[in-house]
Amino acid sequence: MNTTLTQVAWLARRSALRTLRRPAAFLPMLGFPVLLLALFAGGLDLSTRVPGFPTDSYFSFLLAGGFVQGALVGGVNTGLDLVSDVQSGFFGRLLLTPMNRGLIVLAQLCGSAMLAVIQSLICLLAGGVVGVWPHSLAEAVVIVALSAVMGMAFSSCGAFLALRTRSSEAVLATFPLTFVLLLFSSFFMPRNLMTAGWFRTLASWNPVTYLIEAVRAPLIGGNVAHATGVGFAIAAGLAAVTVSLTVGRLSTRTVTV
Amino acid sequence: MTATTTHAAVVQRTGSSHVALGIAARNLRAAFTTPSLFMPPVAAPLVFFIAFAGGLSVLAGQRGFDFHDGYTAFEYVFVALQGAVFTGIFSGLALARDFETGVARRFLLSARNQQAVVWGYVLTAMGRAPVVTVILYALGAAAGMRVSAGPVELLLFFVMSELLAAAGALWSCGIALRFRTMQAAPLAQLVAFLLVYLAPVFAPVALLAPWLRAVARVNPFTVLLESGRGLIQGDAVRLAASGACLAVLLLLLQLWVVFGLRRARAAGAS
C-alpha cells in the first residue's frame, strides 16, 4: 500500500514539477486569466450600475471566472504533456511496469490538481490585493478544494483526448473550446440579467456556468451552500465520467515502446 | 533617365507585382482550401460576436450609453475590426511557417525586391479579411442588427478593416522576419490583443473604469473603433483622425518590415 502511494506521489510530483519548470507552459495558465480579468473588469465596470447586479465591484464578480479558466487551460496542458510522454516513449515504459494503470492516470491527475490548487491560491491572492476575499477561511478552503476537483476533471478530459488521438495538434485544437465554454456562461453577467433569452438558455445548459457560480458565491455573497453544492456535484460528476473514460481507454491500450 | 534605366525600372516594378501577387495567390489558395488555416480567423470573431452581443446586451440600456443602433451593432464594429487585425496577423505568420520549411528563404533569395515578398503576405491578409467582415455582417443582419450607415459609410468601414488587416500582416511579418519561427506567434498575438482590448470594447470611453479610460484615450485603436462605430451609425466621427492614425501606423509598420528584412539578411536568412 505504502509503495503504491509512494509511486503515485512521485508521478504526481513529476507531473506538477515539469509544468512549473517550464514558464512557457505555466505562465499562460496563470498570467492569461489574470490579464483577462484586469482588461474585462476595466471594460465592464459599467455592469455594476445595472439594477440588480449582485455586487458593486465588477472585479469581484469576474474573479470566479479566473479560477475556472485556469482549470480549463490546465486541462489542455495536461493533454499536451501526456502526448509528449506518449511520443517520447516514457508513457509506454510506465505501462510496462507492474503499477496499476488506473493509478498511473490518477497520479497524472493528482499533479494537475496540485497545479490547480497553486493557481487558485494565486487567484485568491490577486483578489486580496484589490480587497476581494471570501467571507471566511472555510469558504476559501471550499474554493481551493473546488478548484482541485475542477482541475482534475478538465485534466482528465485532456488526458482522455491525448490517449485517444496521441496528437498534440488535436489536443491544442480544443483550446478555443475553453473560450467557448467560458464566454457562453455566466462569466460576464449573472443569468437573471441576460436580456437575450436564447443566451440565458445556452448559459443555463453550460456546466461551466455552475462552476463559476460555485466559486463566485463565497466571493460576493449569496446562497453559498447551494451554489457550492451544485458546483461540487458537477465537477465531481464530470471528473468521475472523464476519469472512467481515461482509465477505460488505458486498459485497452497496447504498449508500443 | 535613359531608356535602359526606364526599362529596368518597369521590369523591376513588374517583377515586384508578380512576386507579390504570386505569393498572395499561393497563400489565399492554401487559406481557403485548408480548414485548419481558414477556420481560426473566422470562428474566433464569430464566437466573440455571439457571446458579447448576446450576453452583454443589457449594457445598452444604461445611462450614458449613447449608441442608437443597439448593442449588436456596437459589438459588430469591435469584432469586425479585431477580426481584421487578427486575420492580418495569421496571414503574416504564414511567413514564419514558410521560414521553418525553407520556402521563405527561397522567396527572398529569388525576388529582386524583397519587400514584394512581404507584400504578398499583406495582400493575402487583404484578401481574407473581407470574408470575416462579411460573414460577421451577415450573422448580425440575420440576428436583426440595426445599421443606419449608407453604402458610402459601409464602404469606408470595409476600407478601414482592410487597412487594419494590412497593418496586422505587416506587424506579424516583421515578427516573422526577426524570429523566423512559429514560436514567436504568441508575441505577435499578445501585443495586438493588448492593443485592441485596451480600448472601449464593451462600452463607450466615458463609461470605462478610470484606469482603462486613461489608457484608452491614448490608444490609437480607440480612434479607429469610435470612427468605425460612427460610420455604422451613419455619422462621420473622427474620420480624419482615424485616417491619420492608419497612415502613420502603416508607415511605421512598413519601416518595421524594412528593418526586419535587414535583420533577416544579417542572419543569413535571405
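Residues numbered from 1 in each chain as written. Chains lettered and ligands numbered in written order. Predicted model: local features only at pLDDT ≥ 70, side-chain atom pairs only at ≥ 80, totals over all residues. Heavy atoms only, no water.

S.K.: Which residues make up the UniProt feature "domain: ABC-2 type transporter transmembrane" (unreviewed entry) in chain B, and what values go with them?
M.R.: Here, UniProt's "domain: ABC-2 type transporter transmembrane" (unreviewed entry) annotation points to residues 23-230 of chain B. Across residues 23-230 of chain B, the secondary structure splits into 78% helix and 0% strand, with the terminal C-alpha atoms separated by 36 Å. (UniProt positions renumbered as here; feature names shortened; annotations may be inferred. Helix = DSSP H or I, 4+ residues; strand = E, 2+ residues; numbered from the N terminus.)

S.K.: Which residues make up the packing of aromatic side chains, and what are the values?
M.R.: Following the criterion strictly, the structure yields 26 aromatic pairs over all chains and no others. For the pair F187(A) and F188(A), a centre-to-centre distance of 5.0 Å together with 55 degrees between the ring planes defines the contact as tilted. Both residues of the pair, F187(A) and F188(A), count as buried. Within the aromatic cluster, the residues linked to one another by ring pairs are F40(A), F187(A), F188(A), F48(B), F52(B), F78(B), F193(B), Y197(B) and F202(B). The ring of F90(A) carries R14(A) above its face, with NZ or CZ at 3.9 Å from the centroid. The ring of F61(A) has R216(A) lying over it, and the distance from NZ or CZ to the ring centre is 3.5 Å. (Phe/Tyr/Trp six-rings, centres within 6.5 Å; stacked < 30°, edge-to-face > 60°. Buried < 20%, exposed > 50% of the residue type's maximum accessible area, 1.4 Å probe, protein only. Lys NZ or Arg CZ within 6 Å of the ring centre and 35° of its normal.)

S.K.: Tell me about the UniProt feature "transmembrane region" (unreviewed entry) in chain A, and name the residues and values.
M.R.: Residue and element names in this part refer to chain A. When the UniProt feature table is mapped onto this chain, "transmembrane region" (unreviewed entry) is found at residues 24-46, 58-83, 103-134, 140-163, 170-189 and 224-247. The span residues 103-134 is 84% helix and 0% strand, and its two end C-alpha atoms sit 34 Å from each other. Structurally, residues 224-247 is divided into 100% helix and 0% strand, and its ends, taken at the C-alpha atoms, are 33 Å apart.

S.K.: Can you tell me about the interface of chain B and chain A, naming the residues and giving the values?
M.R.: Contacts between the two partners involve 26 residues from chain B, matched on the other side by 26 residues from chain A. Together, the buried faces of chain B and chain A total about 2200 Å²; carbon and sulfur atoms form 81% of this surface. Taken together, chain B and chain A are joined by 0 salt bridges. On the surface where chain B and chain A come into contact, there are 2 residue pairs in polar contact (both at pLDDT 80 or more). The biggest single contributor to the side of chain B that touches chain A is helix α2 (residues 35-55) of chain B, with 7 residues. For the side of chain B that touches chain A, the residue count by class is 21 nonpolar, 4 polar and 1 charged. (Contact = heavy atoms within 4.5 Å. Buried area = accessible area lost by both parts, 1.4 Å probe. Salt bridge = Lys/Arg side-chain N within 4 Å of Asp/Glu carboxyl O. Polar contact = N/O pair within 3.5 Å; in protein donor to acceptor, adjacent residues only side chain to side chain. Nonpolar A, V, L, I, M, F, W, Y, C, P; charged D, E, K, R; others polar.)

S.K.: For the pattern of salt bridges, give the residues involved together with the corresponding values.
M.R.: Any two side chains of opposite charge can pair, given that their charged atoms come close. All names here are of chain B. Within this structure, the stated rule accounts for 5 salt bridges over all chains. One salt bridge connects R146 with D69, and the closest N-O pair in it is separated by 4.0 Å. Placement of R146 in the loop between α5 (114-142) and α6 (151-179) and of D69 in the loop between α2 and α3 (71-101) is noted, with a sequence separation of 77 residues between them. According to the relative accessible area criterion, D69 is buried, its value standing at 4%. Linking E226 and R238 is a salt bridge whose minimum nitrogen-to-oxygen distance equals 2.5 Å. In this pair, E226 sits in helix α9 (residues 220-232) while R238 sits in the loop between α9 and α10 (239-266), placing the two residues 12 residues apart along the sequence. Exposure remark for E226: the relative accessible area of 23% places this residue in the partly exposed category.

S.K.: Go over the UniProt feature "transmembrane region" (unreviewed entry) in chain B with me, naming the residues and quoting the values.
M.R.: Per the UniProt record, the feature "transmembrane region" (unreviewed entry) sits at residues 37-61, 73-96, 117-142, 154-179, 191-216 and 236-261 of chain B. With 54% helix and 0% strand, residues 191-216 of chain B has end C-alpha atoms that lie 15 Å from one another.

S.K.: Outline α9(B), supporting the account with residue identities and numerical values.
M.R.: Residue and element names in this part refer to chain B. The first and last C-alpha atoms of α9 sit 19 Å apart over 13 residues, in line with the 18 Å expected at 1.5 Å per residue. Among the 13 residues in α9, 11 count as buried, and that is most of the element. Every buried residue of α9 is accounted for by F221, T222, V223, L224, L225, S227, G228, R229, G230, L231 and I232. On its buried face, α9 sits against α3, α6, α7 (185-197), α8 (210-218) and α10. Where α9 starts, the residue carrying a side-chain oxygen 2.9 Å from the main-chain nitrogen of F221 turns out to be N219. (Expected span 1.5 Å × (residues − 1).)

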